[in-house]
Amino acid sequence: QLQASGGGLVQAGGSLRLSCAASGSIFGIKAMGWYRQAPGKQRELVATITSGGSPAYIDPVKGRFTISRDNAKNTLYLQMNSLKPEDTAVYYCNAVVLTTGWRELWGQGTQVTVSS
């Protein structure tokens, strides 16, 4: 399973760091990513990172967010700087993991609220 944490309330311009830990009988992890869903909107991809550590971002967060992973700890991170009110959303982590076979897992979501 994936357990996300680190959300909270922050003022515009502030920072938060999200974490997502994979637990259980996991024998490998391919790509991992962060998605977000704002009220009344569809869930959207925010950033992804390959097993080799190559990141990719959507344009609105480029230069402000940094995705990283610790393969030894099976943990994914999202450092969010210069936060804006439009970043307010529930953030979900996602990973493709090897258990009895390859499976796609989702974390439970963590709320990020940015006040103006």
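First, a word on scope: everything that follows refers to the structure included in this document. (Residues numbered from 1 in each chain as written. Predicted model: local features only at pLDDT ≥ 70, side-chain atom pairs only at ≥ 80, totals over all residues. Heavy atoms only, no water.)

1. Notes on the environment of Q37
And then number 1: Relative to the helices and strands, Q37 is located in strand β4 (residues 28-37).
And then number 2: Sequence spacing of Q37 and Y91 is 54 residues, and the spatial spacing of their C-alpha atoms is 6.6 Å.
And then number 3: With sequence-adjacent residues up to four places away left out, Q37 is seen in contact with Q42, R43, A89, V90 and Y92.
And then number 4: One polar contact links the side chain of Q37 to the main-chain carbonyl oxygen of K41, over a distance of 3.1 Å. (Helix = DSSP H or I, 4+ residues; strand = E, 2+ residues; numbered from the N terminus. Contact = heavy atoms within 4.5 Å. Polar contact = N/O pair within 3.5 Å; in protein donor to acceptor, adjacent residues only side chain to side chain.)

2. Concerning the pairing of strand β3 (residues 16-22)
And then number 1: Of all seven residues in β3, five are buried, a share of seventy percent or more.
And then number 2: Here four bridges tie strand β1 (residues 2-5) to β3, and the two strands are oriented antiparallel to one another. Directly across from A4, in β3, lies its bridge partner C20.
And then number 3: When β3 meets strand β8 (residues 75-80), the two strands line up antiparallel, connected through six bridges. Across the sheet, residue L16 finds its bridge partner in β8, namely M80. (Buried < 20%, exposed > 50% of the residue type's maximum accessible area, 1.4 Å probe, protein only. Pairing = 2+ DSSP bridges.)

3. Brief notes about the sheet that holds β8
And then number 1: Across the sheet, four strands lie side by side as β1-β3-β8-β7; this open sheet has antiparallel pairing. Two strands bound the open sheet, and with one partner strand each, they are β1 and β7 (65-70). Strand after strand, the sheet turns through a mean of 15° between neighbouring axes, direction not considered.
And then number 2: As paired elements, β7 and β8 share six bridges and run antiparallel to each other. In the sheet register, R69 faces β8, and the bridge partner there is L76. (Axes fitted to C-alpha atoms, helices over the stretch in contact; angles between N-to-C directions.)

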